[in-house]
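Each chain, letter by letter, is given below.
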Amino acid sequence: MRIAIPSDEKNIDSSICVSFGRTPYFLIYDTDTKIREFIDNSTAASSGGAGIKAAQILVDEKTDALITPRCGENAADVLKSADIKIYKSISSSIKDNIDAFVSGKLCLLDEIHPGFHGHRK
Amino acid sequence: MRIAVLSGKGGTGKTLVSVNLAVVAKKSIYIDCDVEEPNGHLFFKPMVTEEKEISMQIPKVDEAICNGCRKCVDFCKFNALAYIKGKIIVFDDVCHSCGGCMILCPQKAISGRNKSIGKIRAGSSDGVVIYTGILNTGEASGVPIIKELLSGIESEHNKTIFIDCPPGSACIVMESIKDADYCILVAEPTLFGVHNLNMVYELVKLFNKPFGAVLNKCLEGENPAEKFCIEKDIRILGKIPFDRQLGTLNSNAKIAVKENKKYEEQFSTLLDAIIKEAPYETATNT
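Everything quoted here is computed from the prediction, not taken from an experiment.

**As for the overall build of chain A**
- Within chain A, the regular secondary structure consists of three helices and five strands.
- Taken from the N to the C terminus, the helices and strands of chain A come in the order β-β-β-α-β-α-β-α.
- Here the C-alpha atoms of chain A give a radius of gyration of 13 Å, agreeing with the 14 Å that 2.2 N^0.38 yields for 121 residues.
- For the C-alpha atoms alone, the extent of chain A along its principal axes is close to 45 × 25 × 25 Å.
- By the burial criterion, 47% of the 121 residues in chain A qualify as buried.
- Long-range contacts, defined here as pairs at least 24 residues apart, represent 49% of the contacts in chain A between residues at least 6 apart.
- Summed over its atoms, the accessible surface of chain A is roughly 6100 Å², and 51% of this surface lies on carbon and sulfur atoms.
- In chain A, which carries 15 positive and 17 negative side-chain charges, the distance between the mean positions of the two groups comes to 4 Å.

Next up, the structure:
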C-alpha cells in the first residue's frame with residue numbers, strides 16, 4: 001500500500017506540513033516494500049487550485065492513502081473520486097504517523113474544510 | 001467622456017465621489033463596477049428598468065471523444081481541471097473561464113456550457129442613468145460582468161460617464177479603467193492611504209491614463225497623501241474635509257449634494273477641476 005504524507009522537509013525526521021495543497025514535499029511510503037521517496041509538490045506556489053493539483057499528483061503517483069492534518073473540499077473530491085483514503089495525522093512526527101498507520105491506529109479524516117479561498121481582491 | 005474613480009483600498013470614498021459627481025454633472029451615467037459589493041444604488045435608489053443575467057463559459061468534456069491526453073489539465077493555470085480514472089473533473093468555482101482548454105484540446109472534446117455568475121441592472125434616478133453589476137457570492141471573477149457593463153454603454157455625446165471601480169489594482173480594476181478617458185484616484189490622509197494610493201498610481205501610469213487625485217477625509221496638519229502627490233507631481237483635483245455632517249449624510253445613504261448647498265458647491269468645483277484636466281471637452285456642468 002502506498003501512502004502519502006505532506007512534509008516540511010525532504011527527510012523522515014521532518015514534521016508533517018500543516019497544509020496539504022501547499023506542502024513543499026510529499027513523502028511516498030510503500031508499506032509492503034518499505035521503500036520511501038520524497039517528491040516535490042510542483043503546485044505549492046500556484047495562485048489557486050493548489051489542493052486540486054496536489055491531489056492530482058497523488059493520484060498520478062498511484063497512492064492508496066493520504067495522512068494529513070487537514071484537507072480542503074476540492075482536494076477531497078479529487079481524492080475520493082480516485083478512491084484514495086484520507087487519514088487524520090495524530091502528531092507532527094512523520095515516523096509516528098507511519099507507525100500508527102501500519103498498526104491501524106489512524107482514523108479517517110472526517111472534517112473537510114471548505115478551503116481558504118477568501119483572497120478575491 | 002468616461003471618468004473612472006478608483007482607490008487602492010475600500011472605504012476611501014470612491015462611491016461618495018462618483019455618486020456626488022454624477023449628480024452635479026446632471027446628464028450623466030453612473031456605472032457601479034464594484035461588482036462584489038455594489039453600493040451606489042443605495043444612494044440613487046433607482047427605478048430598475050432592465051435586468052440581465054450574465055453567464056460565462058465553463059468547460060464541458062465529451063467523454064466519448066476525450067482520449068485522456070491531459071493537455072487541458074496541464075494547461076489550466078487555475079487548476080480547475082483534474083483527470084481521475086479516465087475522466088476529466090471540472091471545478092466550476094475555480095474556473096476563470098479563460099477558454100484555453102477549449103482551444104487547446106487536440107480532440108476537440110471540450111465545448112462550453114453557460115454558468116450564471118451574476119447580473120446587471122439598469123435604472124434611473126433624477127436624470128442619472130444607473131448601471132449596477134452584481135457578482136454572485138463565491139464566484140472567482142467579476143471581469144465578465146464588468147466587460148458587459150462597459151461594452152453596453154453607448155457613449156452619448158453630452159453625457160459624462162462615471163465608473164465607480166472596485167478597490168485595489170487587480171484584473172477587475174484594470175477591466176474597469178481600460179477604456180476610461182480620465183482616472184480619479186481617491187486617497188485617505190494616512191500612511192496606509194499612501195501605500196494604497198501608490199498602487200493605483202502605478203496602475204494608471206502603466207495604462208497611460210491621464211489622472212488626478214482627490215484627497216478625502218482631510219484634517220488640519222500633515223497629510224501624507226498630499227505629500228505623496230506633491231512628490232510625484234500628481235495633480236490634486238480637490239480636497240474633501242473630514243466632516244461629520246458629510247459622513248452622517250453618506251452613512252444614511254443620502255446624496256450629499258442634494259441635501260446641502262455647501263456640498264453641491266464643493267462637488268461642482270471638483271467637477272470643474274476634473275473637466276479642465278480631462279482630455280476632452282465633452283463634459284458639461286450645466
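**Here's the deal with helix H1 (residues 50–60) of chain A**
Residues and elements named next belong to chain A.
- Most of H1 sits inside the fold, with nine of its eleven residues counted as buried.
- Buried residues of H1: Ala 50, Ile 52, Lys 53, Ala 54, Ala 55, Gln 56, Ile 57, Leu 58 and Val 59, and no others.
- Taken from the residues just after H1, Lys 62 is the one with a positive phi, measuring 55 degrees.

**What about the sheet that holds strand E11 (residues 236–241) of chain B?**
Residue and element names in this part refer to chain B.
- An order of E3-E6-E7-E2-E8-E1-E9-E10-E11 is seen for the nine strands of this open sheet, with the pairing classed as mixed. The sheet terminates laterally at strand E3 (47–61) and E11, the two strands that pair on one side only. Across the sheet, the mean angle separating the axes of adjacent strands is 20 degrees when strand polarity is ignored.
- Note: strand E6 (residues 110–125) against strand E7 (residues 128–135), eight bridges, orientation antiparallel. Looking across to E7, one finds that Ser 125 is bridged to Val 128.
- Strands in contact with helix H1 (residues 14–24) are strand E1 (2–6), strand E2 (28–32), E7, strand E8 (160–164), strand E9 (182–187), strand E10 (211–218) and E11; relative to E8, the strand with the most contacts, it is inclined by about 165 degrees.
- Each of E1, E8, E9, E10 and E11 is contacted by helix H11 (residues 261–277), which is oriented at about 165 degrees to E11, the strand it contacts most.

**With respect to the interface of chain A and chain B**
- Listed as interface residues are 18 residues of chain A and, on the opposing side, 18 residues of chain B.
- Carbon and sulfur atoms supply 49% of the area buried between chain A and chain B, which totals about 1500 Å² over both sides.
- Our count for the contact surface shared by chain A and chain B stands at two salt bridges.
- When the shortest N-O distance is used, the salt bridge between Arg 70 of chain B and Asp 60 of chain A registers 2.5 Å.
- Counting across the chain A and chain B interface gives seven residue pairs in polar contact (both at pLDDT 80 or more).
- For the side of chain A that touches chain B, the secondary structure elements donating two or more residues are H1 and helix H2 (73–81) of chain A.
- Considering every element that reaches the side of chain A that touches chain B, the biggest residue donor is H1 of chain A, with six residues.
- Residue composition of the side of chain A that touches chain B, grouped by class: five nonpolar, seven polar and six charged.

**Describing the pairing of strand E4 (residues 81–84) of chain B**
- Side chains of E4 of chain B alternate between two faces, with Leu 81 and Tyr 83 of chain B and Ala 82 and Ile 84 of chain B buried alike.
- In this structure, the hairpin formed by E4 of chain B and strand E5 (residues 87–90) of chain B is closed by a connection of two residues, where Lys 85 of chain B is found at a positive phi of approximately 50 degrees.

**A few points about the layout of surface pockets**
Residues and elements named next belong to chain B.
- The computed volume of the second largest pocket comes to approximately 440 Å³.
- In this structure, the second largest pocket is lined by 21 residues; those nearest its centre are Gly 11, Thr 12, Gly 13, Lys 217 and Asn 250.
- Counting only elements with at least two residues in the lining of the second largest pocket, the list comes to H1, E10 and helix H9 (244–251).
- It is H9 that provides the largest number of residues to the lining of the second largest pocket, a total of four residues.

Conventions we followed
Residues numbered from 1 in each chain as written. Chains lettered and ligands numbered in written order. Predicted model: local features only at pLDDT ≥ 70, side-chain atom pairs only at ≥ 80, totals over all residues. Heavy atoms only, no water. Helix = DSSP H or I, 4+ residues; strand = E, 2+ residues; numbered from the N terminus. Rg over C-alpha atoms; globule rule 2.2 N^0.38 Å. Buried < 20%, exposed > 50% of the residue type's maximum accessible area, 1.4 Å probe, protein only. Contact = heavy atoms within 4.5 Å. Areas by Shrake-Rupley, 256 points an atom, 1.4 Å probe, with all protein chains shown as cover. Lys, Arg positive; Asp, Glu negative; His and termini not counted. Charge placed at Lys NZ, Arg CZ, Asp CG, Glu CD. Pairing = 2+ DSSP bridges. Axes fitted to C-alpha atoms, helices over the stretch in contact; angles between N-to-C directions. Buried area = accessible area lost by both parts, 1.4 Å probe. Salt bridge = Lys/Arg side-chain N within 4 Å of Asp/Glu carboxyl O. Polar contact = N/O pair within 3.5 Å; in protein donor to acceptor, adjacent residues only side chain to side chain. Nonpolar A, V, L, I, M, F, W, Y, C, P; charged D, E, K, R; others polar. 1 Å grid on protein atoms, 1.4 Å probe; cavity = no way out; pocket = protein on both sides within 12 Å on 5 of 7 lines; lining within 4 Å. Points joined across faces, edges and corners; volume = space filled by probe spheres on them.

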